[in-house]
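In case you want the letters, here they are:
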Amino acid sequence: MGSPVVDQTDDLELLSLIGFDGRTIHGLKVHPNGEHILYPLGCKVAVVHWDSRKQDFLEGHTNVITALSVSLDGKYVASGQINHMGFKAFVILWDFEKRTALMKHDIHKVRVEALDFSFDSTYLFSLGGRDDGNVVVTHIPSLEPMCGYPATKATAGDALTLKHSNRRSSVFMTGGEGSLRVWQVNPEKRFVRAVDVQLSKVKRNIYCVSIDPQDEFAYCGTLTGDILKVALYLTEDTTITEPVRTPNMIVCLGKVSRSKKRNMEAERYSLGVRDIMILDMQNGDRILVIGAGDGTVEVVRENENRFKDHNRLKSPSYPLLNVLKSTSVNSAVTSLQKFQQHGIMVGNDLCEIYLIDICTFNVRLIVTCHTTCIYDIAFPKDYSEVFATASKDDIRVWHTETCKELLRISVPNFTCSTVKFAADGKSIISGWNDGCIRSFTPQSGKIMYTIPNAHNKGVTALDLTSDGSTIVSGGGEGQVRVWKINSAVHKLAAILKDHKGPVSDIHISSNNQQAVSASTDGSCIIWDIVRLVRLQILFANSLFMACRFNPEGCQVLTAGTDRKIQYWECYDGSLIRDLEGSTAAALNSLDISLDGSFFVTGSNDFLVKVWNYNEGYTTHIGVGHAGIITAVRLSPDSKYLISVSDDGAIFTWKCPFQSSKVEARPDPGIVCAVGAEKLEVAQPVSSAAKDKIRIRKTSSGGLGFGSGDCAKEENIVSLSRAHSACSHHSTVDVRDRPPEIESEHGEEIRPNSFRSNEAQSRGSSGVRKIMENKPSGTVCQINQPSVLPNSRLIQSGAKTSSDPCLPKSSITRVPTAVKSETCKGKIVRKPIHRH
């Protein structure tokens, strides 16, 4: 039966967003007030206050944002998007102070390539993509588009970038594939005119353009790796926009070679010059900041003396740039911005933001996020301050409120498909596409043990019992395996082979007696994990993607590609309710609150929905994801709702309902100590506050959470990283020893005691000494000591609740056979193949 008709659903409130779309060219912007930074992520523009890290969002786009600009006076923000083939792409003009849209037009087709304001905020210039190819000028005071014109000649390629003049509001430049033009706007005739820059015989693809403050020269970065210096020939009278002669290239700049034959050839930047920033003049020489495609960021001085032996050069690039300072940000630079007085903010295509001090040229990583699809989310038991995400590249642990990355765990060349926290907080359990189950410490990311060959075609799902003694895992071959875990032996208890397709999800009931597994073969099976037998099997004309027990354990909720949310009776396996979860897209994930009063779903239509469990209708909808939603999770205290997507974005929503079954949290131990400095841990002030976790943020940005005297234990390492405000890669060596196998059903796998040679020779004290003396750089976290036996993430207490499960008689029964419908959405599956 379908869900009841509801007149109105509310919008979910977005609290924070973890992510930065570094692939957007010139997408990172620093507001002129020096207090805010802006960047796109999906369909939203994030406005972040630098000191408080408070986030606001500009919402109004229907697809991924591809261009962003901020006016020089800070009053306006402009953003443009991409759209499906054959549809119009929107350009939105925003009021920065009010965070509201002033104007919206859809003149461009498919994609907006670049945006820029005139220096006095009179005009907004927009450039269309390959399917459009036009320049459109918008008059901001009247909020109306004035005119448009093709950006390039028919014989040239696509235009890629544009830049405003610094003294004339009606003059701007565009550059692209074999094209470089100077434009003048005629407001009286509502017309725009272009003049092609003479480049002689030099053929270049222009990536970026920067004009000096006097409008005398323009510096154009090219794919070849050199810089074209163009004379604009504009008069000193700023009211005259017509150049006195045709603009032309006067020199092609390259770096002075460091080799002995320095006068023979100029060096170029690898993978092209992606952005240029002009600094003040020094001793008559102009200082430039160059961002290259290989991640190089350099401060160079332009030598005004012409090269004398130009006839001996083998290329048109002149070695006239002297490198003063140089560093690297590890990947292609997409944005360069002056930050405050002595800083340069750099964004790269790995979705990271770095801050470089101009004086010392020290690099500090300030923002990091996932760059690929996220497959799973996990909260510790009864603890909402942190959560973990599993993606194609790594596992990351995040602080919920501040969005700080606390830990990163990487296994080279393998993909993590599922992650869970152990109930005692001593380990992070994960499943990988090489068929292994790996356990890591939550403090350092050091590997604790590995179960090799857990599944033949990769581990696709797993769950743990609340006492941590049993792991139930599912694989790509369709088998469900039960593992008995203790401190000495990891034993395979049973192999359950009823599924015929990959296992997509597993959930264990609250009493640790049963487990339900969902598979893409169209079946869900309820298992007795004590007697290791099958209890019930549920069939539907769908690829099941998610399953969950009701907190009381008497019903199972499922979702899949048929767009249906189905309630099943655990006692006899009958279908008792059938809801339409989406009108056009498959459902990928669901989660139920602790009291069972509501649940959430994520689907291929980019929507997060909150449902009333008893009534079966949608109460709230979250809009903002630009990719397929792959997982949704409710925090244990029902305060937060986390959703992730295949573009690597993490959205934190305010949960609209407070669960009535939130348990008091006992005093936990320290679980993570990763930051820029040694952490300060707040101690409880009274016995009444022992059940609360107090967080203290140091002046250097470090975070610590926990309470009690366990913070004084010497074996708990506080990392010192002046190089970055968050943890960097924790690369794990996966050269594991083979297990000792007794039989198929009695396999014993002893814990792996492998450690690197350095760690074996130096021990824990040696590692601590290394970390304390290391001033900067990447921290290798594998050699850190493991978690203390008495260090725990949560001390689980017994659950008691008087809330009855939804009675069977209160729900209208429908026939077991459900009519199938064709799914129009894309199916998102976890990786099941070996690398």
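Just so it is clear, the structure is predicted and the values come from calculations on it, not from any experiment.

Help me understand the overall build of the protein, please; the structure alone is not making it clear to me.
Within the protein, the regular secondary structure consists of one helix and 60 strands. Within the protein, the proportion of its 835 residues that are buried is 60%. Considering only residue pairs separated by 6 or more positions, the protein has 53% of its internal contacts joining residues 24 or more positions apart. Split by element, the accessible area of the protein, about 33,400 Å² in all, is 47% carbon and sulfur.

Explain the sheet that holds strand β34 (residues 405–409) to me, please; I cannot follow it from the model alone.
What links the strands of a sheet is backbone hydrogen bonding, and the strands pair in either a parallel or an antiparallel sense. Spatial ordering of the open sheet is given by β31-β32-β33-β34, a layout of four strands whose pairing is antiparallel. Two strands bound the open sheet, and with one partner strand each, they are β31 (374–378) and β34. Neighbouring strand axes in the sheet, compared pairwise and without regard to direction, differ in orientation by 20 degrees on average.

Help me out: how do you make sense of the UniProt feature "repeat: WD" (unreviewed entry) in the protein in this one?
Within the UniProt annotation, "repeat: WD" (unreviewed entry) is assigned to residues 452–487, 496–529, 580–621 and 622–654. With 0% helix and 56% strand, residues 496–529 has end C-alpha atoms that lie 10 Å from one another. Structurally, residues 622–654 comprises 0% helix and 58% strand, and the distance from its first C-alpha atom to its last is 10 Å.

Hey, could you run me through the pairing of strand β49 (residues 564–569) in this one?
The side chains of a regular strand alternate, first on one face of the sheet and then on the other. Most of β49 sits out of view: six of its six residues are buried. Because side chains alternate across β49, one face comprises the buried residues Lys564, Gln566 and Trp568, and the other comprises Ile565, Tyr567 and Glu569, equally buried. Counted between consecutive antiparallel strands, the loop separating strand β48 (residues 555–560) from β49 contains three residues, among which arginine 563 sits at a positive phi close to 70 degrees. Pairing geometry for β49 and strand β50 (residues 575–580), over five bridges, is antiparallel. From the neighbouring strand, tryptophan 568 faces β50, where its bridge partner is leucine 575.

Just to check I follow, could you spell out the confidence of the model for the protein for this structure?
Reading fine detail from the predicted coordinates is not recommended where pLDDT is low. In this model, the protein carries an average pLDDT of 79, and 75% of its residues clear a pLDDT of 70 or more. Long-range and interchain partners of residues 1–7, a stretch whose pLDDT sits below 50, account for 14 contacts in this model, where long-range means more than four residues apart. Low confidence marks residues 663–828, where pLDDT is under 50. Its contacts with residues over four positions away, or in another chain, come to 356 contacts.

Before we go on, may I ask you to explain the side chain of histidine 164 in this structure?
Topologically, histidine 164 is positioned in strand β15 (residues 159–164). Given the relative accessible area of 5%, histidine 164 is considered buried. Polar side-chain contacts of histidine 164 include one of 3.3 Å to the backbone oxygen of phenylalanine 117. Sequence-distant contacts of histidine 164, defined by excluding residues within four places in its chain, comprise Leu72, Asp116, Phe117, Ser118, Phe119, Phe125, Val171, Phe172 and Ile211.

Mind showing me how you'd approach the pattern of salt bridges here?
Under the counting rule described, the total for this entry stands at 24 salt bridges. A salt bridge links arginine 99 to aspartate 56, with the nearest nitrogen and oxygen atoms 3.3 Å apart. Here the residue arginine 99 occupies a position in the loop between β9 (88–95) and β10 (100–109), and aspartate 56 occupies one in strand β6 (residues 55–59), the gap between them amounting to 43 residues. Using a relative accessible area of 23% as the deciding quantity, one classes arginine 99 as partly exposed. Here arginine 548 and aspartate 591 are joined by a salt bridge, their closest N and O atoms 3.6 Å apart.

Help me out: how do you make sense of the side chain of serine 430 in this one?
Residue position: serine 430 is located in strand β36 (residues 428–432). Given the relative accessible area of 0%, serine 430 is considered buried. The residues contacting serine 430, other than those within four sequence positions of it, are Ile395, Cys416, Thr418, Val419, Cys436, Ile437, Arg438, Phe440 and Leu462.

Before we go on, may I ask you to explain the nonpolar core in this structure?
In globular proteins that are soluble, nonpolar side chains generally tend to be buried together. Residues Ile37, Tyr39, Met345, Ile353, Phe387, Leu641 and Ile650 are the most contacted members of the largest nonpolar core, which totals 45 residues. Residue contacts for leucine 641: discarding those within four places in its chain leaves Leu12, Val600, Val608, Val610, Arg633, Leu634, Phe651, Thr652 and Trp653.

In this structure, what is going on with the sheet that holds strand β51 (residues 587–592)? I would like to understand it.
On the basis of which strands lie adjacent, the open sheet formed by five strands has the order β1-β54-β53-β52-β51 and mixed pairing. Strands with a single pairing partner mark the edges of an open sheet, and in this sheet they are β1 (10–11) and β51. Pairing geometry for β1 and strand β54 (residues 618–623), over two bridges, is parallel. The residue of β54 that forms the bridge with aspartate 11 is isoleucine 621.

Help me out: how do you make sense of the environment of alanine 586 in this one?
Take alanine 586: it is sitting in the loop between β50 and β51. Residue classification places alanine 586 among the buried positions, given a relative accessible area of 0%. Considering only alpha carbons, one finds alanine 586 and phenylalanine 544, 42 residues apart in sequence, at a separation of 9.9 Å.

Where do I start with the environment of leucine 160 in this structure?
Among the structural elements, leucine 160 can be located in strand β15. Setting aside chain neighbours within four positions, we find leucine 160 in contact with Glu113, Ala114, Leu127, Gly175, Gly176, Glu177, Ile206 and Tyr207.

Looking at this structure, I do not really get the packing of aromatic side chains. What am I missing?
Each aromatic ring pair is described using two quantities: the centre-to-centre distance and the angle formed by the ring planes. Under the counting rule described, the total for this entry stands at 16 aromatic pairs. Note on tyrosine 149 and phenylalanine 191: the rings are 6.2 Å apart at their centroids and 80 degrees apart in plane angle, and the pair reads as edge-to-face. One end of the pair, tyrosine 149, is in strand β14 (residues 144–150); the other, phenylalanine 191, is in strand β18 (residues 191–196), with 42 residues separating them in the sequence. We classify phenylalanine 191 as partly exposed; its relative accessible area is 42%. With a centroid separation of 5.8 Å and 0 degrees between ring planes, the pair formed by phenylalanine 172 and tryptophan 183 is classed as stacked. Highlighted residues: phenylalanine 172 in strand β16 (residues 171–176) and tryptophan 183 in strand β17 (residues 179–186), separated in sequence by 11 residues. No difference in accessibility class separates phenylalanine 172 from tryptophan 183, as the two residues are buried.

Any chance you could explain the pairing of β16 here in plain terms?
Counted residue by residue, β16 has six buried out of six residues, so it is predominantly covered. Alternating residues of β16 divide into Val171, Met173 and Gly175 and Phe172, Thr174 and Gly176, and every residue in both groups is buried. Of the strand pairs in this sheet, β15 and β16 are connected by five bridges, and their pairing is antiparallel. The residue of β16 that forms the bridge with threonine 161 is glycine 175.

When you look at the environment of proline 551 in this model, what are you seeing that I'm missing?
Relative to the helices and strands, proline 551 is located in the loop between β47 (544–549) and β48. According to the relative accessible area criterion, proline 551 is buried, its value standing at 16%. A C-alpha to C-alpha distance of 7.3 Å links proline 551 and serine 509, two positions 42 residues apart in sequence. In this structure proline 551 touches Ser510, Ile592, Ser593, Leu594, Asp595 and Gly596, once residues within four positions along its chain are discounted.

How should I be thinking about unusual backbone geometry in this particular structure?
Backbone phi values are negative for most residues with the exception of glycine, while trans is the configuration of most peptide bonds. Backbone geometry at asparagine 413 places phi at a positive 75 degrees, although glycine is not the residue there. Within the secondary structure layout, asparagine 413 lies in the loop between β34 and β35 (416–421). Looking at asparagine 413, the relative accessible area reads 57%, which means it is exposed. Here the phi dihedral of arginine 563 falls at roughly 70 degrees; this positive angle occurs in a residue that is not glycine.

How each quantity is defined
Residues numbered from 1 in each chain as written. Predicted model: local features only at pLDDT ≥ 70, side-chain atom pairs only at ≥ 80, totals over all residues. Heavy atoms only, no water. Helix = DSSP H or I, 4+ residues; strand = E, 2+ residues; numbered from the N terminus. Buried < 20%, exposed > 50% of the residue type's maximum accessible area, 1.4 Å probe, protein only. Contact = heavy atoms within 4.5 Å. Areas by Shrake-Rupley, 256 points an atom, 1.4 Å probe, with all protein chains shown as cover. Pairing = 2+ DSSP bridges. Axes fitted to C-alpha atoms, helices over the stretch in contact; angles between N-to-C directions. UniProt positions renumbered as here; feature names shortened; annotations may be inferred. pLDDT = per-residue confidence, 0-100. Polar contact = N/O pair within 3.5 Å; in protein donor to acceptor, adjacent residues only side chain to side chain. Salt bridge = Lys/Arg side-chain N within 4 Å of Asp/Glu carboxyl O. Core = buried A, V, L, I, M, F, W, Y, C linked by side-chain atoms within 4.5 Å. Phe/Tyr/Trp six-rings, centres within 6.5 Å; stacked < 30°, edge-to-face > 60°.

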